[in-house]
Amino acid sequence: MIYLNNRIVPKSRARVSVYDHGFLYGDGIYETLRVYQGTVFHLDEHIARLFRSAAMIQLTIPKTHEAIKRALSKTLKANRHKDAVVRITISRGEGPTGLDPALCPSPTFVIMSHAFKPYPAKHYQQGVKIAIVRTRRNYNGALNAQIKSLNFLNNVLARIEAKKEGALEGIMLNYRSFIAEGTVSNVFFVRDGVLCTPSVNAGILDGITRGLLVECAKELRLTVREGMFRKDALMSADEVFISNTTMEVMPVSSVNDTKISSRPGSITKKLRRAYRKKVNAYIKKAERSNE
Ligand code: PLP
């Protein structure tokens, strides 16, 4: 079942116009959220980011923060989902062709929920291959990476390249050849015990998982460096991992054809455990407040 513009409808009837500017121009925004045992993880942060993305494209979301929460809970109930991945998509809406957002009086609002399909355990036990690709991350001055937009062609092109290399994820450099991020993930590496990750100024999406992992690292008293890094730093790192809402902390075994020595390394394992602890504590707290 799909939540479409204030109504729950069967998937077969969840249809959007070919004149929707999301379809015509990639004009819209989205969020991906993870539901653990019926609790949406860091829902407020995801909704806040949705509103930030909307503001950056001058899109007025046709619902309040609280109304989005209610719609999400309706969608989960209709699908009887306990462990799920949810996507909220808001496009500019239907309107005649032309780029002017004023042509579209009402945004299209969609929530989709899918049962969570775990990644293969092997990915976490042995690590995955990633590849630094030739496609560069969008220049922030052209399309700010902080906008979680429907305009995803930059990432799609990078993913095509990664797949050709047999890699699960493609890592893009920014226009100044500093490491930016993956097509759907943030990237971290460890060197001499220091946890490094590209700074938001490198032109990346400020991942919610990334933020929580930096918090975990500080709680573990690890030194964290958010900065500008060249690809050699990643290739010669002691440990590498990628993160996002659904994969959490995924260890990396090789970058292009270069093997990473510790896979998964001890700091990666520690952070993965600390992240799981945060998830469990969050679920417990949510369950207590629902009692
Ligand atoms: N970077 C990009 C380009 C993404 O699309 C995503 C998530 O989809 C992330 C990073 C990770 O963000 P989060 O941790 O909030 O899922």
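Engineer: I tried to follow the site of the ligand on my own but got confused; where do I start?
Structural biologist: Near the ligand you find 17 residues, and of these Lys148, Glu181, Ile208, Thr209 and Thr245 are the closest. Measuring from an oxygen atom of the ligand, one finds a side-chain N or O atom of Arg49 at 2.9 Å. A distance of 2.9 Å is found between an oxygen atom of the ligand and a side-chain nitrogen or oxygen belonging to Lys148. In isolation the ligand offers 390 Å² of accessible surface; the protein chains occlude 96% of this area. In this structure the site holding the ligand corresponds to the largest pocket. Broken down by secondary-structure element, the contributors of at least two residues to the shell around the ligand are strand E9 (179–182) and helix H6 (208–219). Here the residues of the shell around the ligand sort into four nonpolar, nine polar and four charged.

Engineer: So what exactly am I meant to see when it comes to the environment of Leu103 here?
Structural biologist: Relative to the helices and strands, Leu103 resides in the loop between strand E5 (84–91) and strand E6 (108–115). Between the C-alpha atom of Leu103 and that of Ala54, which follows or precedes it by 49 residues, the distance is 17 Å. Beyond its immediate stretch of four places on either side in the chain, Leu103 contacts His21, Glu94, Gly95, Pro96, Thr97 and Gly98.

Engineer: I'm lost on unusual backbone geometry in this one. Help?
Structural biologist: The phi angle of most residues is negative, glycine excepted, and most peptide bonds adopt the trans form. For Gln37, which is not glycine, the phi torsion reads 45° and is therefore positive. Inspection of the secondary structure puts Gln37 in the loop between strand E3 (28–36) and strand E4 (39–40). Relative accessible area serves as the criterion here: at 47%, Gln37 is assigned to the partly exposed category. Residue Asn256 is not a glycine yet carries a positive backbone phi of 55°. Overall, the relative accessible area of 13% leaves Asn256 in the buried class.

Engineer: Help me understand the domain arrangement of the chain in this model?
Structural biologist: Size of an interface: often given as the accessible area lost when the parts come together. As far as domains go, the chain holds domain 1 (2–115) and domain 2 (121–279). A separation of 26 Å is found between the C-alpha centroids of domain 1 and domain 2. In this assembly, 25 residues from domain 1 lie in contact with 20 residues from domain 2. Taken over both partners, the interface formed by domain 1 and domain 2 buries close to 1,700 Å², and the fraction arising from carbon and sulfur atoms is 66%. When residues of domain 1 are sorted by the area they lose upon contact with domain 2, Tyr30, Phe41 and Arg49 head the list and together hold 33% of the total. Across the contact surface, domain 1 and domain 2 share zero salt bridges. Across the contact surface, domain 1 and domain 2 share five residue pairs in polar contact (both at pLDDT 80 or more).

Engineer: Mind showing me how you'd approach empty space enclosed by the protein here?
Structural biologist: Left-over empty space is what a probe sized like a water molecule reveals as it rolls over the atoms. According to the stated counting rule, one finds one cavity of 30 Å³ or more in the structure shown. Its boundaries defined by the atoms lining it, the largest cavity holds a volume of some 40 Å³. If you trace the largest cavity, you find it lined by Phe41, His46, Ile208, Thr209, Leu212, Thr245 and Tyr275. Ranked by residue count, the leading element in the lining of the largest cavity is H6, at three residues. Taken together, the residues of the lining of the largest cavity break down into four nonpolar, three polar and no charged.

Engineer: Where do I start with the packing of helix H2 (residues 43–56) against helix H3 (residues 65–79) in this structure?
Structural biologist: Helix packing for two helices is described by the angle between their axes and how far apart those axes are. Where H2 contacts H3, the axes come no closer than 11 Å and their chain directions differ by 120°. When the axes of H2 and H3 are compared, the pair comes out oblique. For H2 against H3, the interelement crossing comes out right-handed. Seen from H2, the contacting residues are Leu43, Asp44, Ile47, Ala48, Leu50 and Phe51; seen from H3, they are His65, Ile68, Lys69 and Leu72.

Engineer: Help me out: how do you make sense of the layout of surface pockets in this one?
Structural biologist: Of the pockets and cavities examined, the largest pocket occupies roughly 690 Å³. Taken together, 40 residues make up the lining of the largest pocket; nearest its centre are Tyr30, Thr32, Lys148, Val184 and Asn244. Sorting the residues of the lining of the largest pocket by element identifies E3, H2, E5, E6, helix H5 (153–164), E9, H6 and strand E13 (239–244) as the ones contributing at least two each. Approximately 580 Å³ is the volume found for the second largest pocket.

Engineer: For this particular structure, what's the right way to read H6?
Structural biologist: Residues lying three or four places apart along an α-helix face the same way, a consequence of the helix completing one turn every 3.6 residues. Relative to the 16 Å expected for 12 residues at 1.5 Å per residue, H6 spans 17 Å between its end C-alpha atoms, a close match to the ideal helical length. Three or more residues of H6 are buried, namely Ile208, Thr209, Arg210, Leu212, Leu213, Val214, Cys216 and Ala217. The first or second residue beyond H6 is Arg221, which carries a positive phi of 60°.

About the criteria used
- Residues numbered from 1 in each chain as written.
- Predicted model: local features only at pLDDT ≥ 70, side-chain atom pairs only at ≥ 80, totals over all residues.
- Heavy atoms only, no water.
- Near = heavy atom within 4 Å.
- Polar contact = N/O pair within 3.5 Å; in protein donor to acceptor, adjacent residues only side chain to side chain.
- Areas by Shrake-Rupley, 256 points an atom, 1.4 Å probe, with all protein chains shown as cover.
- 1 Å grid on protein atoms, 1.4 Å probe; cavity = no way out; pocket = protein on both sides within 12 Å on 5 of 7 lines; lining within 4 Å.
- Sits in = over half its atoms within 2 Å of the grid points.
- Helix = DSSP H or I, 4+ residues; strand = E, 2+ residues; numbered from the N terminus.
- Nonpolar A, V, L, I, M, F, W, Y, C, P; charged D, E, K, R; others polar.
- Contact = heavy atoms within 4.5 Å.
- Buried < 20%, exposed > 50% of the residue type's maximum accessible area, 1.4 Å probe, protein only.
- Domains from an automatic or database assignment.
- Buried area = accessible area lost by both parts, 1.4 Å probe.
- Salt bridge = Lys/Arg side-chain N within 4 Å of Asp/Glu carboxyl O.
- Points joined across faces, edges and corners; volume = space filled by probe spheres on them.
- Axes fitted to C-alpha atoms, helices over the stretch in contact; angles between N-to-C directions.
- Parallel < 35°, antiparallel > 145°, perpendicular 65-115°, else oblique.
- Left-handed = near helix turned anticlockwise from the far one by under 90°.
- Expected span 1.5 Å × (residues − 1).

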